Amino acid sequence: MIAIVDAGFRQTHEAFADKINTSTGSPGVDEHGTMVASIAAGDSSTMVGVAPGANLIFSSWDFGDLVAAANAAAARGAVAQNNSWGFVDTYANSTGYNDIFGDIAGQTWLTALENYADDGVVVFAISNDDTATIAGLMEALPLFEPGLTYGWLAVGNAVPIFDDDGVTGVGGRVSASCLEAAA
């Protein structure tokens, strides 16, 4: 089981046809989420994802749905919860942290993330702003919540170099540097 949190999904896409998939909240329809979920667990005659045998949990990144997304990932035993989104202009500093986690709603979500990360891995995409000088809050959240460290991955986006044997190098970084998320 893989949980995908994104703007939305084409849940009837051929890559998901023979899977037992569930949703939390009301994720909309969006090509980005469809692409991300297809790469993770798609399986059709035209494409195969990294884990084609995995079922999916589709969840929206609307703030109210994030607690349900983390709780569903924990309850259903998802090995990973992928997040390819971030809060605009919310950085890895105390202001950013307090903006998101400084109230009851934020603390409830943080607790749900911590509970999930005890047994699963939260994956957060690093910003695509390659001029960034400070990491986004979410990819660097373990700086503020060290208990998340062992269940958290910050991942970047790069252009691979291929040959007949597979990926042989990196042609260039597309995302921001790891910055504070490197730890």
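Thresholds, definitions, all that
- Every residue gets a number counted from 1 within its own chain, in the order that chain's sequence is written.
- Totals for whole chains, interfaces and linings use all residues, but because this is a predicted model, local features are given only for residues with pLDDT of at least 70 and pairs of side-chain atoms are given and counted only at 80 or more.
- Values reported for side chains reflect all heavy atoms of the structure, with hydrogen atoms and water molecules removed beforehand.
- Accessible area is worked out with a 1.4 Å probe on protein chains only. A residue is then buried under 20% of its type maximum, exposed over 50%, and partly exposed in between.
- Secondary structure elements follow DSSP: runs of H or I of four or more residues count as helices, runs of E of two or more count as strands, with numbering from the N terminus.
- DSSP-based pairing: two strands are paired if at least 2 bridges between them are found.
- Here, axes are lines fitted to C-alpha atoms. For helices the fit covers the stretch in contact, and angles between N-to-C directions go from 0 to 180 degrees.
- Note on definitions: a residue-residue contact is assigned when non-hydrogen atoms from the two residues lie within 4.5 Å.
- Relevant arc is that of directions from the helix axis to the C-beta atoms, nothing else.
- By the criterion applied in these results, polar contacts are pairs of N or O atoms within 3.5 Å in which, for protein atoms, one can donate a hydrogen and the other can accept it, and in which residues neighboring in sequence qualify only through two side-chain atoms.
- Here roughly perpendicular refers to angles of 65 to 115 degrees, roughly parallel to angles under 35, roughly antiparallel to angles over 145, and oblique to all remaining angles.
- Each residue is assigned to one of three groups, with Ala, Val, Leu, Ile, Met, Phe, Trp, Tyr, Cys and Pro labelled nonpolar, Asp, Glu, Lys and Arg labelled charged, and all others, Gly among them, labelled polar.
- Aromatic rings from Phe, Tyr and Trp, with only the six-membered ring used for Trp, were paired whenever their centres fell within 6.5 Å, and each pair was classed as stacked if the ring planes differed by under 30 degrees, edge-to-face if by over 60, and tilted otherwise.

Structural notes on the pairing of strand E1 (residues 2-6)
For E1, the buried fraction is high: five of the five residues fall into the buried class. Side chains of E1 alternate between two faces, with Ile2, Ile4 and Asp6 and Ala3 and Val5 buried alike. Bridge count for E1 against strand E3 (residues 56-60) is five bridges, and the pairing is parallel. Directly across from Ala3, in E3, lies its bridge partner Ile57. Relative to strand E4 (residues 80-83), E1 runs parallel, the two being bridged by four bridges. Looking at the pairing, Ala3 lines up with Gln81 of E4.

Describing the sheet that holds strand E2 (residues 22-24)
Strand order across the open sheet formed by six strands is E2-E3-E1-E4-E5-E6, with parallel pairing between neighbours. Two strands lie at the open edges of the sheet, namely E2 and strand E6 (152-155), each paired on one side alone. The average undirected angle you get between the axes of adjacent strands in this sheet is 20°. Those strands touched by helix H1 (residues 31-41) are E1, E3 and E4, and its axis lies near 160° from that of E1. The sheet contacts of helix H2 (residues 66-75) involve E1, E2, E3 and E4, and relative to E3 the element is tilted by about 165°.

Section: helix H3 (residues 94-101)
Residues of H3 that are buried include every one of Gly96, Tyr97, Ile100 and Phe101, and no others. Burial along H3 is one-sided: seen end-on, the buried residues are contained in an arc of 100°. Among the residues of H3, the N-terminal cap falls to Asn93, whose side-chain oxygen and the backbone nitrogen of Thr95 are separated by 3.2 Å.

So, the environment of Val170
For Val170, the location among the structural elements is in strand E8 (residues 166-173). Since its relative accessible area comes to 60%, Val170 is described here as exposed. C-alpha separation for the pair Val170 and Ile39, spaced 131 residues apart in sequence, amounts to 19 Å.

A word on the packing of H3 against helix H4 (residues 104-117)
Running from N to C, H3 and H4 point in directions that differ by 95°, and their axes come no closer than 6 Å. Classified by the interaxial angle, the pair formed by H3 and H4 is roughly perpendicular. For the pair H3 and H4, the contacting residues are Tyr97, Ile100 and Phe101 in the first and Gly106, Gln107, Trp109 and Leu110 in the second. Its residues assigned to classes, the contact of H3 with H4 comprises five nonpolar, two polar and no charged.

Considering the packing of aromatic side chains
The final tally for this structure, using the stated rule, is 13 aromatic pairs. Their ring planes at 15° and their centres at 5.8 Å tell us that Trp61 and Trp85 sit as a pair that is stacked. Here Trp85 lies in the loop between E4 and H3 and Trp61 lies in the loop between E3 and H2, a separation of 24 residues in the sequence. For Trp61, a relative accessible area of 33% corresponds to the partly exposed category. With a centroid separation of 5.4 Å and 35° between ring planes, the pair formed by Tyr97 and Phe101 is classed as tilted. Here Tyr97 pairs with Phe101, and both are found in helix H3, just four residues apart, close to one helical turn. Exposure remark for Tyr97: the relative accessible area of 13% places this residue in the buried category. With relative accessibility at 1%, the residue Phe101 sits in the buried group. The rings of Trp61, Phe63, Trp85, Phe87, Tyr97, Phe101, Trp109, Phe124, Phe144 and Trp152 are connected pair by pair, giving a single aromatic cluster.

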